[in-house]
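A look at the structure
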Amino acid sequence: MILPKVRDPRFITVRRGGTLTDDDHHLLAIWAVDCAEHVVPLFEQERPGDDRPRRAIELGRSWARGEVSWWDARAAGGHANAAARDLRGAARHAAYAAGQAAAVGHVAAHELGAAAYAIRVVQAAAAPDDAAEAGRAECRWQRAQLPVAIRDLVLDDQRLRNELCWFVFDC
């Protein structure tokens, strides 16, 4: 489980009683799809004919640009998760990262799921002795991609949910 039991109002839109602005919501979605896109080639190597994770990433990005509804992006995320069903390791985690990223328009807190699964991708793809450092390097790469406007929010979210996310944000 990656989502907290009690939702953080900073990840609930202003329209629904939280404090998240539309602009920041869109930035969270773009960052999440960037994290997923960084590792999706490891899914595509395993399943070159299956475009469901790539499609989820594209629709997540399209939602952030206002081109599709959150419903369409989230549905694509569900298809990406289905692509993971019979896989293991890096390919499975990459599909889940894409699914999480596509769902950010629906629930902003999925942003951390995309990042956490992306870190798990590189850990699974690395040699066992290199997995921990590969994960830390991916975590640092992700943090370097964070827009200033949401940086503190995401870093605090990583601190608060690190345990739920397999401690992958210890970088």
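Structure: above.
Residues numbered from 1 in each chain as written. Predicted model: local features only at pLDDT ≥ 70, side-chain atom pairs only at ≥ 80, totals over all residues. Heavy atoms only, no water.

1. Quick word on the overall build of the chain
What counts, and what does not: By the criteria applied, helices consist of DSSP H or I runs no shorter than four residues and strands consist of E runs no shorter than two, each listed in order from the N terminus. In this treatment the radius of gyration is a C-alpha quantity, and the globule benchmark scales as 2.2 Å times the residue count to the 0.38 power. Note on exposure labels: buried denotes an accessible area under 20% of the residue type's maximum, exposed denotes more than 50%, and partly exposed covers the range between, all computed with a 1.4 Å probe on protein chains only. Contacts between residues were defined by any pair of non-hydrogen atoms, one from each residue, lying within 4.5 Å. Exposure was quantified through the Shrake-Rupley algorithm and a 1.4 Å probe, taking into account, for residues, occlusion by the shown protein chains and nothing else. We score Asp and Glu as negative and Lys and Arg as positive, and we do not count His or the chain ends. One atom stands in for each charge, and that atom is NZ of Lys, CZ of Arg, CG of Asp or CD of Glu.
The helix and strand tally for the chain stands at 8 helices and 0 strands. Along the chain direction, N to C, the helices and strands of the chain fall in the order α-α-α-α-α-α-α-α. At 15 Å, the chain has a C-alpha radius of gyration in line with the 16 Å of a compact globule built from 171 residues. Across its three principal directions, the C-alpha atoms of the chain cover 45 × 35 × 25 Å. In the chain, which comprises 171 residues, the share counted as buried stands at 49%. Taking as baseline every contact in the chain between residues at least 6 positions apart, the subset at least 24 positions apart corresponds to 66%. As presented, the chain carries roughly 8300 Å² of accessible surface, and 51% of it is formed by carbon and sulfur atoms. For the chain, the distance from the average position of its 22 positive side-chain charges to the average position of its 24 negative side-chain charges is 5 Å.

2. Brief notes about the nonpolar core
Definition in use: Side-chain atoms within 4.5 Å link the members of a nonpolar core, which is a set of buried Ala, Val, Leu, Ile, Met, Phe, Trp, Tyr and Cys residues.
Core analysis: the largest hydrophobic core is formed by 54 residues, its most contacted members being Leu28, Trp31, Phe43, Val154, Cys165 and Phe169. Put simply, the parts of the chain that give this core at least two residues each are helix H1 (22–39), helix H3 (52–64), helix H4 (70–84), helix H5 (89–102), helix H6 (110–125) and helix H8 (148–161). In contact with cysteine 165, not counting residues within four places along its chain, are Ile2, Leu112 and Ala116.

Function cannot be read off these values alone, since they describe shape.
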